[in-house]
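Observations on the three-dimensional arrangement
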Amino acid sequence: MSIEKQISDLRAAGFRMPGEFEPHEACWMIWPERPDVWRLGGRPAQEAFAAVAEAIAHSETVYVGVSDAQYEHAREMLAPHIRVVEISSNDSWVRDTGPTYVINDRGLRAGIDWGFNAWGGLNGGLYFPWDKDQRVAQKICGISGDPVFRAPLILEGGSIHVDGEGTLMTTEECLLNPNRNPDLSREEIESLLAQYLNISKVIWIGRGTFNDETDGHIDNLACFVRPGEVALHWCDDPDDPQYAIAREAYEVLSNTCDAKGRSLTIHKLPHPGPLYISPAEAGGIHLNRDSHPREAGERLAGSYVNFYIGNQVVVFPLLDPARDEEARACLQRIFPEREVIGVNAREILLGGGNIHCITQQQPAR
C-alpha cells in the first residue's frame, strides 16, 4: 500500500511545513528559456540563474530541472557539482510550481502538489498553457523519492510563508483573488492550509508589493526569518505607491501575534529603485498573444525581501547600486550566523520575480 493511502490525515501523522531557515537537504531550480518571458533567448537570465545556483550550492545540493533541448547547454553553464535533471515545464518559477514539502518527527517527508493556473488562469494569468507546470511537483517528488499529496486548492508557493511553528503569512490580494479559488471562502482556504501544512494561525496582509504581476505574493513583501521575526519590504518615500503598502503591512504585523502568542519583531529592508524596464530590455523579449506583455517603462516589482535562506548562506538580489549594500548590511544583522551573498538579479526581475521565486527548498528529514 502506498504511503499516500496509509496516511489519510497529514496533521494526525504529525506533518508540518518547516520554516525556510530550518535545515535543508537540497534546493530545486528550473532553467529559464521561454523567449516571451526571458529576453535574448534567455541567455542573460541563464547566467543569473547559474550564479544563484552556485551561491546556494556553497551549503546544500542544488538540482536544476531543464528541458531536453537545453540539457547540454545548461550542463555546460552550470558548475559540475550542481545536478542537472530533465524536467519539462512551461517556465522556471519552481517556487510556485514545485512541491511544498512537509516533514514529521518520525523522519518522513512528503510533497504537497497545489493546483496551478499560471497566476490567474484565463482571468489575468501570465501565460497559456500551463499543463507542463502542473506536473512539475509530481516529477520533483518522484526524483526525490517522496510521496506527494494533491491539494484541492489553487496556490503558488510564493504566496505563503511559514514560521515552522504553526504560523502562516499570506496576502488577501493573492489568496482571496477570484482568479484562484472563487468558490472558496477565507475560512475554507484557512481550513485547507491547516489540513495540509499543519498551521493554526494565518496572518492576512492586504496587499503585496506594488505592480507585482503575481497578484501580490507574500514572498516579495514579507517573510519569516526565524520564529517570531519578520523581514518587511519598507519604503520611506511618501510619493511612492509602495509607501502605503509597507505601512499597511507594518500595521497588521505590529498588531498581531503568531501561533505561539508572540508579538513579532519586524526588520525593515530598504526599497530598491524604483526600477523600470528599459527600451533595450523590452526589445529583447519576443511577446506573443498567450503571454503577459512586458513593455518599456513598466514598473518592476523589485524587493530585497525576495531572498533565499540556505543552510549556511542567504542569497539576495542585487537590484540597485544605491541600496544594495544597505540591504546586505541589514540581512547580515538579521542572519549573523550565515554568509550573505548578493547576486546580480535584474535579469530575474525582468522575468517577473526574483531569487526566492526561482528556488524551492527540500527540507532535511
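Structure: above.
Quantities reported herein were computed from a predicted structural model and do not represent experimental measurements. (Residues numbered from 1 in each chain as written. Predicted model: local features only at pLDDT ≥ 70, side-chain atom pairs only at ≥ 80, totals over all residues. Heavy atoms only, no water.)

Some remarks on the pattern of salt bridges
When charged atoms on two side chains of opposite charge get close, those side chains can pair. Counting across every chain of the model gives 24 salt bridges. The salt bridge involving glutamate 47 is made with arginine 43; its shortest N-O contact spans 3.6 Å. In this pair, glutamate 47 and arginine 43 are both assigned in helix α2 (residues 43-56), four residues apart and thus about one turn of the helix distant. Take glutamate 47: its relative accessible area is 47%, and that puts it in the partly exposed class. A single network of salt bridges, built from pairs that share partners, joins Glu25, Arg109, Asp146 and Arg365. (Salt bridge = Lys/Arg side-chain N within 4 Å of Asp/Glu carboxyl O. Helix = DSSP H or I, 4+ residues; strand = E, 2+ residues; numbered from the N terminus. Buried < 20%, exposed > 50% of the residue type's maximum accessible area, 1.4 Å probe, protein only.)

Examining the sheet that holds strand β7 (residues 161-162)
One open sheet holds the three strands; their spatial order is β7-β8-β9, and the pairing between them is mixed. Each edge of the open sheet is held by one strand with a lone partner, namely β7 and β9 (201-205). Against the sheet, helix α7 (residues 186-197) touches β8 (167-171) and β9, its axis set at about 130° to β9. Sheet strands touched by helix α8 (residues 241-254): β8 and β9. Its angle to β9, the strand with the most contacts, is close to 155°. (Pairing = 2+ DSSP bridges. Contact = heavy atoms within 4.5 Å. Axes fitted to C-alpha atoms, helices over the stretch in contact; angles between N-to-C directions.)

Description of unusual backbone geometry
In this chain, phenylalanine 128 is followed by proline 129 through a cis amide linkage whose omega measures -5°. Mapped onto the secondary structure, proline 129 falls in the loop between β5 (109-115) and α5 (136-144). Glycine 273 connects to proline 274 through a cis peptide bond whose omega is 20°. Along the polypeptide, proline 274 turns up in the loop between β12 (265-269) and β13 (275-276). A positive phi is found at tryptophan 119, a non-glycine position, where the angle reads about 65°. Mapped onto the elements, tryptophan 119 comes out in the loop between β5 and α5. One non-glycine residue with positive phi stands out, namely aspartate 215, at about 70°. Following the sequence through the fold, aspartate 215 ends up in the loop between β9 and β10 (222-226).

With respect to the environment of asparagine 198
Looking at where asparagine 198 falls in the secondary structure, it is placed in the loop between α7 and β9. Judged by relative accessible area, asparagine 198 falls into the partly exposed class, the value being 30%. The residues contacting asparagine 198, other than those within four sequence positions of it, are Arg11, Gly14, Phe15, Arg16, Gly166 and Leu193. In this structure the side chain of asparagine 198 is engaged in a polar contact, spanning 3.0 Å, whose partner is the backbone oxygen of phenylalanine 15. (Polar contact = N/O pair within 3.5 Å; in protein donor to acceptor, adjacent residues only side chain to side chain.)

Comments concerning the packing of aromatic side chains
Under the criterion given, the structure shown has 10 aromatic pairs. A centroid spacing of 4.6 Å and a plane angle of 15° characterise the contact between tryptophan 28 and tyrosine 63, whose relative ring orientation is stacked. One end of the pair, tryptophan 28, is in strand β1 (residues 24-30); the other, tyrosine 63, is in strand β2 (residues 61-66), and 35 residues separate them in sequence. Tryptophan 28 gets classed as buried once you look at its relative accessible area, which sits at 1%. Aromatic side chains phenylalanine 128 and tryptophan 130 sit 5.5 Å apart centroid to centroid with 85° between the ring planes, which places their arrangement in the edge-to-face category. Positioned over the ring face of tryptophan 204 is arginine 186, at 4.9 Å from the centre of the ring. The residue whose ring lies beneath arginine 247 is tyrosine 243, and the NZ or CZ to ring-centre distance is 3.5 Å. (Phe/Tyr/Trp six-rings, centres within 6.5 Å; stacked < 30°, edge-to-face > 60°. Lys NZ or Arg CZ within 6 Å of the ring centre and 35° of its normal.)

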